[in-house]
2 protein chains.
Amino acid sequence: MTESTPAPGEPRVPGAREIPEATVARLPVYLRALTALADAGTATCSSEELASSTGVNSAKLRKDLSYLGSYGTRGVGYDVAYLRYQIARQIGVTQDWPVVIVGIGNLGHALANYSGFRSRGFRVVALLDADPDRQDEVVAGVDVRPFRDLDRIVREHGVAIGVIATPAVAAQNVADRMVTAGITSILNFAPAVLAVPDGVDVRKVDLSIELQILAYHEQRKTGAATDPDPLAVQGGVA
Amino acid sequence: MTESTPAPGEPRVPGAREIPEATVARLPVYLRALTALADAGTATCSSEELASSTGVNSAKLRKDLSYLGSYGTRGVGYDVAYLRYQIARQIGVTQDWPVVIVGIGNLGHALANYSGFRSRGFRVVALLDADPDRQDEVVAGVDVRPFRDLDRIVREHGVAIGVIATPAVAAQNVADRMVTAGITSILNFAPAVLAVPDGVDVRKVDLSIELQILAYHEQRKTGAATDPDPLAVQGGVA
DNA sequence: AAGAGTTTGTGAACGCAAGCACAAACTCGA
DNA sequence: TCGAGTTTGTGCTTGCGTTCACAAACTCTT
Ligand SMILES: NC(=O)c1ccc[n+]([C@@H]2O[C@H](COP(=O)([O-])OP(=O)(O)OC[C@H]3O[C@@H](n4cnc5c(N)ncnc54)[C@H](O)[C@@H]3O)[C@@H](O)[C@H]2O)c1
Ligand SMILES: NC(=O)c1ccc[n+]([C@@H]2O[C@H](COP(=O)([O-])OP(=O)(O)OC[C@H]3O[C@@H](n4cnc5c(N)ncnc54)[C@H](O)[C@@H]3O)[C@@H](O)[C@H]2O)c1
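Just so you know, these numbers come straight off a predicted model, no measurement behind them.

Draft legend 1. How the structure looks around the packing of helix α1 (residues 21-39) of chain A against helix α4 (residues 80-91) of chain A. Residue and element names in this part refer to chain A. Following both chains from N to C, one finds α1 and α4 inclined at 145°, their axes separated by 9 Å at the closest point. Classified by chirality, the crossing of α4 by α1 is left-handed. The segment α1 lies against α4, with Leu27, Pro28, Tyr30, Leu31, Leu34, Thr35, Leu37 and Ala38 engaging Val80, Leu83, Arg84, Ile87, Ala88 and Ile91. Split into classes, the residues belonging to the contact of α1 with α4 amount to 12 nonpolar, one polar and one charged.

What follows is the structure, given as C-alpha cells:
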C-alpha cells in the first residue's frame, strides 16, 4: 500500500539506491538518536552505541546504514554530524515539507500545537475544517480555514503531504479532495480504510488497533482466555 | 520487542494456538469491518467482500482467519456476528480493559476525549499528571489526579495497560513507575526509546516517523534529491 | 614497523510473511 | 440424485527481513 509500482527494471530516481521499506522505517529513529548525540557534543559513535540507544541489533543497524553508502570508519565508528546529515538527506528532511491538517477537533488541535513538526522537517501551512464555527479560531499561530480552500492552499504552497484528523465517515471524501488538489502522501488518523489511486501513499495511525494488539498479548500473559466455544450463536457450524 | 519469550515447546496458554504477529495486527481491522457490516444488518459475507473492504488480499484474509479456527462455510462465506465474536474473543476485547493515561497535555486531552476507546474494548479509569495546575481539571468526566496516585489506581482497578503522553524526557521515568506499579503493556506516544524488563510489551506511536517515511517516498516520486555528496563536512572520508 | 585490538561492511543461513492455485466442502436448481 | 457453480482452507513457492559470523580496514602502543 505504501509502495507505488516501481518502473520495472529502471530505478525511480537515477543514482538513488533502493532502500528496503523496513530500513526506511528505522532511519528516522537513528536520525533522532544522532541529533541527541550531536546536542550532547558527541563527535563519534560506534554501531554498538547507536544500536543500543535505539533498541536495535547492531548488525541490523550496520546493514541499514550500508544501504546509504559507506559512511563509517572501521576501527573508529561513525562521525555523528556527518551521518546525521546523510540520513536526513536520504529521508528528505534537509528542507522543510509544507503540510496541511484537515479536521481541527480534539486531535487536530493537539497536532497543530505539536512542536515536534518544525524540528523534524515539517511545517504546518494550513489548518482546515468544514465546520464554520471552527473557522474563527487561531491555533498555534495558524488560523483555521474553510475546507474548500484546500485546492488554493495546496497550489500556493506546493503541499505534497496531508494529514486527516476528521471523523471516519468524512475521511474518504477528504482523501479524494486531497488527491484532486494534488496531494500525493496522506497520514490518516481516522479509523477508516482509504482507497487512493496508484502513486499516492497512505499511512495510517490507529490508536485502537495498537491498544487491541497490546490487549491480545496481555490476555495471553495472564491466561485470561474466554471459554473456547461458549455458545454457537445464530448460524454456528454445528 | 513485542513478543515476550515464549516457553520453548509449550504454548503460553493451553489450547490457544500461536497466532503470527502480522495476523494479530490485522485482526482489529477485520473486527472493525465486521462491526460495520453487523450495524448495516448484513448477516453473511465472503472473504472477498471482507478483504476488499479492509484493503487486503482475500487469500491473506482467509489464512489469517484460519489461525482462529474454521469459522467459515464453503460455498457460503462467514457468519458476520459469529466471526465478529470469535475475533473479539481472540483479541481479548469481549470485556473492557481498564487503562490509565499519563501526561494530560495537548495530546493527553485529545486521548481522554476520544470516544473510540469505550466502543473498542477499553475504559479510561484515570488521568494522571505531574503538574499540580492540571489536577483541578476534569476531562471527559474523569478528573486529573497527581502522578503519585499511580500505584493505588493500578492496584484498585487492576490496570494492565498504560498510555504515556508526557514529554520525551519524562517517558522513561514514567515507564519505570508503571512497571513497578504492575502495568505490563505500554502504549508510548513520546518520541523516546523505552527500556523495559522482559514480559512487558511496549508499542510506540510516532507521528514524526510516519511523516518522515512519507517524506522519503515523496522525495523519490518528485525526484527532488539533494546532491549526492555536497560537502565533506568535518571528518568525512575523503 | 609490526602486532594487538577495535569496528565496519557484507556474504550466507534462516525464518516469517505474502500470494498463488487448487482440492474439498458447501448450495442450488433440475 | 446429480451436476454446475461458489467459496473456504491450505500446501507450496517466492521474496523480504533478521541475524550470525568473519574478513577487511582502521587505530594505537611499543
Ligand atoms: N481524539 C483522539 O485522541 C483520537 C485518537 C485516535 C483516533 N482518532 C480519530 O481521529 C479523528 C478525529 O478525532 P477527534 O477526536 O479530533 O474528533 P472531533 O470530532 O473532535 O474532530 C473532528 C473535526 O473534523 C471536522 N470535520 C468533520 N467533517 C469534516 C470534513 N468533511 N472536512 C473537514 N473537516 C471535517 C469537524 O468539524 C471537527 O472539527 C477521528 O476519526 C477519530 O476516530 C482520534
Ligand atoms: N501533541 C501532539 O500532537 C503530539 C504528536 C505526536 C507526539 N507527541 C508527543 O506526545 C507527548 C505529549 O505531547 P503534548 O503535546 O501533549 O505535550 P504537553 O507538553 O502539552 O503535555 C505533556 C504533559 O505531561 C505532563 N508531564 C510532564 N512530566 C510528567 C511526569 N513525569 N509525569 C506525569 N506527567 C508529566 C505535563 O505536565 C503536561 O501536562 C510528547 O512526548 C510529544 O512529543 C505529541
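Draft legend 2. Looking closely at the protein's contact with DNA strand C. Lining the immediate surroundings of DNA strand C are 26 residues, of which A:Ser47, A:Arg62, A:Tyr78, B:Lys63 and B:Arg74 lie closest. When the atoms of DNA strand C within 4 Å of the protein are sorted by group, sugar and phosphate make up 67%. At a separation of 3.3 Å, a phosphate oxygen of DNA strand C approaches a polar side-chain atom of B:Lys60. With respect to DNA strand C, the side chain of B:Lys63 contributes an N or O atom lying 2.5 Å from a base oxygen.

Draft legend 3. A look at the packing of aromatic side chains. For the structure shown, the criterion picks out four aromatic pairs over all chains. Aromatic pair A:Tyr114 and A:Phe117: ring centres 5.8 Å apart, planes at 65°, arrangement edge-to-face. Ring geometry for B:Tyr71 versus B:Tyr82: centroids 5.5 Å apart, planes at 90°, classification edge-to-face. One end of the pair, B:Tyr71, is in the loop between α3 (58-66) and β2 (72-73); the other, B:Tyr82, is in helix α4 (residues 80-91), and 11 residues separate them in sequence.

Draft legend 4. Geometry of unusual backbone geometry. Residues and elements named next belong to chain A. For alanine 140, which is not glycine, the phi dihedral falls at a positive 50°. Secondary-structure assignment places alanine 140 in the loop between β6 (138-139) and β7 (142-146). Residue alanine 140 is classed as partly exposed on the basis of its relative accessible area of 49%.

Draft legend 5. Here's a closer look at the protein's contact with DNA strand D. Looking at DNA strand D, there are 26 residues lining it, with A:Arg26, A:Arg74, B:Ser47, B:Arg62 and B:Tyr78 nearest. Backbone atoms, meaning sugar and phosphate, make up 66% of the atoms of DNA strand D lying within 4 Å of the protein. A distance of 3.4 Å separates a phosphate oxygen of DNA strand D from a polar atom in the side chain of A:Lys60. Within the side chain of B:Lys63, a nitrogen or oxygen atom sits 3.1 Å from a base nitrogen of DNA strand D. Broken down by secondary-structure element, the contributors of at least two residues to the surface near DNA strand D are α1 and α3 (58-66) of chain A together with α3, β2 and β3 (77-79) of chain B. A total of four residues in the surface near DNA strand D trace back to one element, the largest contributor, which is α3(A). Its residues placed into classes, the surface near DNA strand D shows seven nonpolar, 10 polar and nine charged.

Draft legend 6. Broad picture of the pairing of strand β8 (residues 161-164) of chain B. Residues and elements named next belong to chain B. Of the two faces of β8, the one carrying Ile161 and Val163 and the one carrying Gly162 and Ile164 are both buried. Taken together, the four bridges between strand β4 (residues 97-102) and β8 define a ladder with parallel strand orientation. Counted as the bridge partner of valine 100 is glycine 162 from β8. Note: β8 against strand β9 (residues 185-188), four bridges, orientation parallel. Opposite isoleucine 164, over in β9, you have asparagine 188 as the bridge partner. Note on the crossover from β8 through helix α8 (residues 168-181) to β9: the handedness is right-handed.

Procedures and definitions
Residues numbered from 1 in each chain as written. Chains lettered and ligands numbered in written order. Predicted model: local features only at pLDDT ≥ 70, side-chain atom pairs only at ≥ 80, totals over all residues. Heavy atoms only, no water. Axes fitted to C-alpha atoms, helices over the stretch in contact; angles between N-to-C directions. Helix = DSSP H or I, 4+ residues; strand = E, 2+ residues; numbered from the N terminus. Left-handed = near helix turned anticlockwise from the far one by under 90°. Contact = heavy atoms within 4.5 Å. Nonpolar A, V, L, I, M, F, W, Y, C, P; charged D, E, K, R; others polar. Near = heavy atom within 4 Å. Polar contact = N/O pair within 3.5 Å; in protein donor to acceptor, adjacent residues only side chain to side chain. Phe/Tyr/Trp six-rings, centres within 6.5 Å; stacked < 30°, edge-to-face > 60°. Buried < 20%, exposed > 50% of the residue type's maximum accessible area, 1.4 Å probe, protein only. Pairing = 2+ DSSP bridges. Right-handed = clockwise from strand over helix to strand, strands pointing away.

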